[in-house]
Amino acid sequence: MPRTPDSSPQTLQVFAALLEEAAGWHYGYGLSKQTGLAAGSLYPILARLVERGLLETRWEPSDIAGRPPRHLYRLTADGAGLARSRLAEARARAVAQDVAAGRLRTHPRTAS
Amino acid sequence: MTADSRVRRLSRALLTRAAGAGSTWAAAATGELDAAPSDWAALRWTLSGLRVAFWERRRREAARAGVPRPGVQRARKVVLIGVTLIVALITVNWRVATVVDIPSTSMLPTLRVDDRVLVDKVGFHMTGLHRGDLVVVAMPVPQRYWIVKRVVGLPGDRMECRADAVYRNGAPIPGTGPGALGCDPVTVPAGSMYLLGDDATVSMDSRQFGPVAQSTVVGRLVGRVWPVTR
């Protein structure tokens, strides 16, 4: 478990997918395709986010009779805020690692 | 909406069954089956959905059984392990092994005063004592106290002190070098051993009090416990 809650790479992927349409409702299958996570990985993450009040849910009954309803998810205001800050932190960390590893220069090379 | 093939029908039934009543997340996975573009994708989704079903079941059972939060469970485990270790240490210290403080300089340079050593109280009975072993011996006179010495002679060995070293069966024992030597030559009797301190100049050992019965051995040194590095 990462030391900061809600900061595992998979959770960050879920955040990114949800933020692509921050105010909209998302389907589970769509999130799975966007994040590349299988249902077995995705739904526990969604469950945790709901429990923390970062995600709200609703059921959409199927058009066809007898079929099960679909579950939809939307970021709450808190959820959107946390998602953005976690992603920003992760980006900053990645940049710092690249600089430390010499992959990024902080100063541009002067033209020779 | 995609056509309802047999594969999808079966998968839906399987997932619904696995989810059970009152499921949220497995039911959500079931509801997404129709979104799969192909039967093969539906099958893969079902397999992963089964994992969700089992995960959810475990959660529900844990909640129902009143299992406390993971933090409390971990704390309980730590306490249990700690208590077990303490009990084991006490048991071990009594019978199997113990830690002994080195009281004197007679075992320099090998052991210093206030070093702590681990003593095996049991194993040496099975392996027997060997020349070179460091042992803890209970000396009966003048009062009962423990000393730490090295076994340099076993039954049948002829021990004598010469100018340059302590000799065993006519050969010098390396490291027993010159210095306050002087002892009566003796053959180690059966069931006894000849003890020598590593610092021969200060040590009181078999040179002074003669061979000692092996039954007085409390244990054999296994290693130094403190300090850890030297």
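Keep in mind that what you see is a predicted model, and the values were worked out from it rather than measured. (Residues numbered from 1 in each chain as written. Chains lettered and ligands numbered in written order. Predicted model: local features only at pLDDT ≥ 70, side-chain atom pairs only at ≥ 80, totals over all residues. Heavy atoms only, no water.)

Q: It is not clear to me how the overall build of chain B should be interpreted in this structure. Could you clarify?
A: Along the backbone of chain B there are six helices and eleven strands. The proportion of buried residues among the 230 residues of chain B is 38%. Counting only contacts in chain B whose residues sit at least 6 apart along the sequence, the fraction spanning at least 24 positions is 57%. (Helix = DSSP H or I, 4+ residues; strand = E, 2+ residues; numbered from the N terminus. Buried < 20%, exposed > 50% of the residue type's maximum accessible area, 1.4 Å probe, protein only. Contact = heavy atoms within 4.5 Å.)

Q: In this structure, what is going on with the sheet that holds strand S7 (residues 171-172) of chain B? I would like to understand it.
A: In any sheet, the strands associate via hydrogen bonds between backbone groups, in a parallel or an antiparallel arrangement. Residues and elements named next belong to chain B. Read from one edge to the other, the open sheet built from four strands follows the order S7-S6-S5-S8, with strand pairing classed as antiparallel. Pairing within the sheet leaves two strands with one partner each, and these edge strands are S7 and strand S8 (186-187). Examined bridge by bridge, strand S5 (residues 158-161) and strand S6 (residues 166-168) share three bridges and lie antiparallel to one another. Opposite Glu160, over in S6, you have Tyr167 as the bridge partner. (Pairing = 2+ DSSP bridges.)

Q: I would appreciate a short explanation of the pattern of salt bridges in the present structure.
A: Two side chains bearing opposite charge may form a pair once their charged atoms approach each other closely. Considering all chains together, one arrives at 16 salt bridges over all chains under this definition. Across the salt bridge formed by Asp4 of chain B and Arg67 of chain A, the nearest N and O atoms sit 3.7 Å from each other. Note that Asp4 of chain B is positioned in the segment before helix H1 (6-19) and Arg67 of chain A in the loop between strand S2 (55-60) and strand S3 (70-75), a pairing that runs across two chains. Residue class for Arg67 of chain A comes out buried when judged on its relative accessible area of 13%. (Salt bridge = Lys/Arg side-chain N within 4 Å of Asp/Glu carboxyl O.)

Q: What am I meant to see in H1 of chain B here?
A: Count 3.6 residues to each turn of an α-helix, and residues three or four apart come out pointing the same way. Residues and elements named next belong to chain B. Between its first and last C-alpha, H1 extends 20 Å over 14 residues, near the 20 Å set by a 1.5 Å rise per residue. Taken as a whole, H1 has its buried residues at Arg8, Ser11, Arg12, Leu15, Ala18 and Ala19. Take H1 and look down its axis: the buried residues cluster within an arc of 135 degrees, on one side only. Opposite the buried face of H1, by more than 90 degrees, sit the exposed residues Arg6, Leu10 and Arg17. Following H1 by one or two positions, Gly20 has its phi on the positive side, about 75 degrees. (Expected span 1.5 Å × (residues − 1). Arc of directions from axis to C-beta.)

Q: Sorry if this is basic, but what is going on with the sheet that holds strand S3 (residues 134-139) of chain B here?
A: Read from one edge to the other, the open sheet built from seven strands follows the order S1-S2-S11-S3-S4-S9-S10 (chain B), with strand pairing classed as antiparallel. Only two strands of the sheet have a single neighbouring strand rather than two, namely strand S1 (97-101) and strand S10 (212-213) of chain B.

Q: It is not clear to me how the state of the cysteines should be interpreted in this structure. Could you clarify?
A: Disulfides are covalent bonds that link the sulfur atoms of two cysteine residues. All names here are of chain B. Following the criterion strictly, the structure yields one disulfide over all chains and no others. The side chain of Cys161 participates in a disulfide bridge whose partner is Cys183; the two sulfur atoms lie 1.9 Å from each other. For the disulfide bridge between Cys161 and Cys183, the dihedral angle about the S-S bond is near 105 degrees, and by the sign convention the bridge is right-handed. Remark: Cys183 occurs in the loop between S7 and S8 and Cys161 occurs in strand S5; sequence separation between them is 22 residues. For the residue pair Cys161 and Cys183, the accessibility class agrees, reading buried in each case. (Disulfide = S-S within 2.5 Å.)

Q: Explain the packing of helix H3 (residues 39-51) of chain A against helix H3 (residues 39-64) of chain B here, please?
A: Between two packed helices, the angle of one axis relative to the other and the distance separating the axes together describe the packing. Between H3 of chain A and H3 of chain B, the shortest axis-to-axis distance is 7 Å and the interhelical angle comes to 40 degrees. Considered as vectors, H3 of chain A and H3 of chain B are oriented oblique to each other. For the crossing formed where H3 of chain A meets H3 of chain B, the hand is right-handed. Residue-level inspection shows Ala39, Gly40, Ser41, Tyr43, Pro44, Ala47 and Glu51 of chain A of H3 of chain A in contact with H3 of chain B, the latter providing Trp45, Ser48, Gly49, Arg51, Val52, Trp55 and Arg59 of chain B. When grouped by side-chain class, the residues that make up the contact of H3 of chain A with H3 of chain B number seven nonpolar, four polar and three charged. (Axes fitted to C-alpha atoms, helices over the stretch in contact; angles between N-to-C directions. Parallel < 35°, antiparallel > 145°, perpendicular 65-115°, else oblique. Left-handed = near helix turned anticlockwise from the far one by under 90°. Nonpolar A, V, L, I, M, F, W, Y, C, P; charged D, E, K, R; others polar.)

Q: Would you explain the packing of aromatic side chains in this entry?
A: Each aromatic ring pair is specified by the distance between its two centres and by the angle formed by the two planes. Residues and elements named next belong to chain A. Tallied over the full model, the rule gives four aromatic pairs over all chains. Over the face of the ring belonging to Trp25 we find Arg58, whose NZ or CZ atom lies 5.0 Å from the ring centre. The ring of Tyr27 is capped by Arg70, whose NZ or CZ atom sits 3.9 Å from the centre of that ring. (Phe/Tyr/Trp six-rings, centres within 6.5 Å; stacked < 30°, edge-to-face > 60°. Lys NZ or Arg CZ within 6 Å of the ring centre and 35° of its normal.)

Q: In this structure, what is going on with unusual backbone geometry? I would like to understand it.
A: When glycine is set aside, most residues are seen to have a negative phi, and most peptide bonds are trans. Residue and element names in this part refer to chain B. That bond from Leu108 to Pro109 is cis: its omega, 0 degrees, falls within 30 degrees of zero. With respect to the helices and strands, the residue Pro109 is situated in the loop between S1 and strand S2 (116-120). Positive phi, normally seen in glycine, also occurs at Asp114, with a value near 75 degrees. Residue placement: Asp114 occurs in the loop between S1 and S2. Looking at Asp114, the relative accessible area reads 57%, which means it is exposed. We note that Asn169 has phi near 50 degrees; this positive angle belongs to a residue other than glycine. As for its placement among the helices and strands, Asn169 is situated in the loop between S6 and S7. According to the relative accessible area criterion, Asn169 is partly exposed, its value standing at 47%.

Q: Looking at this structure, how should I read a nonpolar patch on the surface?
A: Residues and elements named next belong to chain B. A surface patch of nonpolar side chains, about 450 Å² in accessible area, is lined by Val99, Leu118, Val222, Val225 and Trp226. Sorting elements by how many residues they give to the nonpolar patch places strand S11 (residues 217-226) first, with three residues. By the element assignment, Leu118 lies in strand S2. Taking the relative accessible area as the measure of exposure, Leu118 reaches 32% and is therefore partly exposed. (Patch = residues over 30% accessible without salt bridge, like charges linked within 9 Å, V, L, I, M, F, W, Y side chains within 5 Å. Areas by Shrake-Rupley, 256 points an atom, 1.4 Å probe, with all protein chains shown as cover.)

Read these as geometric descriptors, not functional statements.
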